[in-house]
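Residue-level structure breakdown
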Amino acid sequence: MSESNSLWHIALRKFKKNRTGLVCFGYIIMCGLAAIFCYLLAPDNSSNANQMHLEIHSKPPGFSTLILKIPSKEETSNSFFNTFLYGKTETHSEIPIKSYSIQNNQLEIVQYADGFTKSYPLTTFNNEPESFIENKTFWLGTDKYGRDLLTRLLVGARISFFIGFIAVFISLVIGIPIGAFAGYFGGKIDAFIMWIINITWSIPTLLLVIAITLALGKGFWQVFIAVGLTMWVEVARVVRGQVITTKEQQYVEAAKALGFSDIRIIFKHILPNILAPIIVISAANFAAAILIESGLSFLGIGAQPPTPSWGAMIKNHYNYIVLGKPYLAVIPGLAIMSLVMSFMLLGNTLRDVLDVKS
């Protein structure tokens, strides 16, 4: 077994002994699976979890009521793939009701909003009205538009994970080559790259993201790109420092003596041996990307409605904290805090287990 493999196995054994790291890793995996399968797990699998019931807005967790689905003549086909990615395209309308009864071939309902009675012919429901009525429980309550808060939270997790993965991917694609070239070649190339890095570093991250977002326009992918373009400097600085140290090693000198090209030495000999700090900085950047996206959504320039976002959920309900319904803002806030904290603690664990000196 090679030395590099043995070091990774040692790190894996150390990681298994770290309970904090295991718990955080398990929580992240659980949130990731919930984000991937959100429309299959959510009580409301409509597109963007945007099924509104204004009659039952701002209800507390555990609230339940009868829901009548009124079918539409318009037919839509929802394939499993489309439902998995985007949710179902709903054509029927839903009405919260207090009670119902069947009399004289009519379905009589008592509306939840005003208590008035309304009748529908049984033919509207194919003479099976009970199949269109369900007792629906909102486990985390409803927001100010009467949407299921649990569903919005699950679909919002997909936004947070996507922004993390794409932003980290962009930062690695840009930061690793730039930092490697600066550290390996040194001299004027290093001075020029560090000049660019220092200028970018001096601009406040949120301000830079806002400027890029305004230049690219508001939207789903624009936010991902903007956040990724602001995080490469941290990766570049870490990679540069590691390359400066590693290029003095004997195996690098041997590769030069054998006539290998600089590109091969950088990408096949140096970078594979400095993966540990890159993994640690990626975990920290993942957490930072989630916070930045939440901040942008809170300011209104992140993911645009009706796309659910944890930051937008806080923005829409932060004033409810003083109106006696703090859970509307606290629940998404706790979701952000717990996920970010898990990534930060996981990063700290990886830093410890990948440290060959410990």
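Residues numbered from 1 in each chain as written. Predicted model: local features only at pLDDT ≥ 70, side-chain atom pairs only at ≥ 80, totals over all residues. Heavy atoms only, no water.

A look at the overall build of the protein chain
- From N to C terminus, the protein chain includes 13 helices and five strands.
- Here the C-alpha radius of gyration of the protein chain, 26 Å, is well above what a compact globule of 358 residues would show, namely 21 Å.
- Along the first, second and third principal axes, the C-alpha atoms of the protein chain reach 95 × 45 × 40 Å.
- Expressed as a percentage of its 358 residues, the buried residues of the protein chain come to 44%.
- Contacts in the protein chain between residues at least 24 apart in sequence constitute 73% of all its contacts with a sequence separation of at least 6.
- In the structure as shown, the protein chain presents an accessible area of about 18,600 Å², 62% of it carried by carbon and sulfur atoms.
- Counting 28 positive and 22 negative side-chain charges, the protein chain places the averaged centre of each group 9 Å from the other. (Helix = DSSP H or I, 4+ residues; strand = E, 2+ residues; numbered from the N terminus. Rg over C-alpha atoms; globule rule 2.2 N^0.38 Å. Buried < 20%, exposed > 50% of the residue type's maximum accessible area, 1.4 Å probe, protein only. Contact = heavy atoms within 4.5 Å. Areas by Shrake-Rupley, 256 points an atom, 1.4 Å probe, with all protein chains shown as cover. Lys, Arg positive; Asp, Glu negative; His and termini not counted. Charge placed at Lys NZ, Arg CZ, Asp CG, Glu CD.)

Structural notes on the environment of I102
- In this fold, I102 is placed in strand 2 (residues 93–103).
- Counting along the chain gives 20 residues from I102 to L122, while the straight-line C-alpha distance between them is 8.5 Å.
- I102 has contacts with L107, L122, P129 and E130, leaving out every residue within four places of it along the chain.

Digging into the nonpolar core
- By size, the foremost hydrophobic cluster in this structure holds 32 residues, and its most contacted members are F161, W310, L339, F343, L350 and L354.
- Secondary-structure elements contributing two or more residues to this core are helix 1 (3–17), helix 2 (19–36), helix 5 (149–185), helix 11 (275–299), helix 12 (310–317) and helix 13 (327–353).
- Among the elements that make up this core, the one with the highest residue count is helix 13 (eleven residues).
- Core analysis: the next-biggest nonpolar cluster, separate from the first, contains 15 residues, V243, V252, I266 and I270 among them. (Core = buried A, V, L, I, M, F, W, Y, C linked by side-chain atoms within 4.5 Å.)

Some words on the side chain of H92
- Looking at where H92 falls in the secondary structure, it is placed in the loop between helix 4 (80–86) and strand 2.
- In contact with H92, not counting residues within four places along its chain, are K69, I70, P71 and S72.

Focus on the packing of helix 5 against helix 11
- At a minimum axis separation of 8 Å, helix 5 and helix 11 run at an interaxial angle of 130 degrees. Considering their axes alone, helix 5 and helix 11 lie oblique with respect to each other. As helix 5 runs across helix 11, the sense of the crossing is right-handed. Together, I159, S160, F161, I163, G164, F165, A167, V168, S171, L172 and I176 of helix 5 and I278, S282, N285, F286, A289, I290 and E293 of helix 11 make up the contact between the two elements.
- Here the residues of the contact of helix 5 with helix 11 are counted per class, giving twelve nonpolar, five polar and one charged. (Axes fitted to C-alpha atoms, helices over the stretch in contact; angles between N-to-C directions. Parallel < 35°, antiparallel > 145°, perpendicular 65-115°, else oblique. Left-handed = near helix turned anticlockwise from the far one by under 90°. Nonpolar A, V, L, I, M, F, W, Y, C, P; charged D, E, K, R; others polar.)

Topic: the pairing of strand 3 (residues 106–111)
- Burial of strand 3 is one-sided: the residues L107, I109 and Q111 facing one way are buried, the residues Q106, E108 and V110 facing the other way are not.
- One ladder, built from six bridges, connects strand 2 with strand 3; its direction is antiparallel. Looking at the pairing, I102 lines up with L107 of strand 3.
- The antiparallel hairpin formed by strand 2 and strand 3 contains two residues in its connecting segment, where N104 sits at a positive phi of about 55 degrees.
- Looking at chain direction, strand 3 and strand 4 (residues 117–121) are connected through five bridges and run antiparallel. Bridge pairing in strand 4 links V110 to T117. (Pairing = 2+ DSSP bridges.)

Observations concerning the pattern of salt bridges
- Tallied over the entire structure, the rule returns four salt bridges.
- Here R147 ties to D143 by a salt bridge, and the two come within 2.9 Å at their closest N and O atoms. Assigned by exposure class, R147 and D143 land together as buried.
- Where D352 meets R351, a salt bridge forms, and the shortest distance between an N and an O atom there is 3.5 Å.
- What makes D352 partly exposed here is its relative accessible area of 38%. (Salt bridge = Lys/Arg side-chain N within 4 Å of Asp/Glu carboxyl O.)

A few points about a nonpolar patch on the surface
- Together, F25, I29, L33, I36, F37, L40, L41 and F80 line one region of the surface with nonpolar side chains, adding up to about 770 Å² of accessible area.
- At the level of elements, helix 2 and helix 3 (38–41) are the ones that each hand at least two residues to the nonpolar patch.
- Within the secondary structure layout, L40 lies in helix 3. (Patch = residues over 30% accessible without salt bridge, like charges linked within 9 Å, V, L, I, M, F, W, Y side chains within 5 Å.)

Don't take any of this as a statement about function, it's just geometry.
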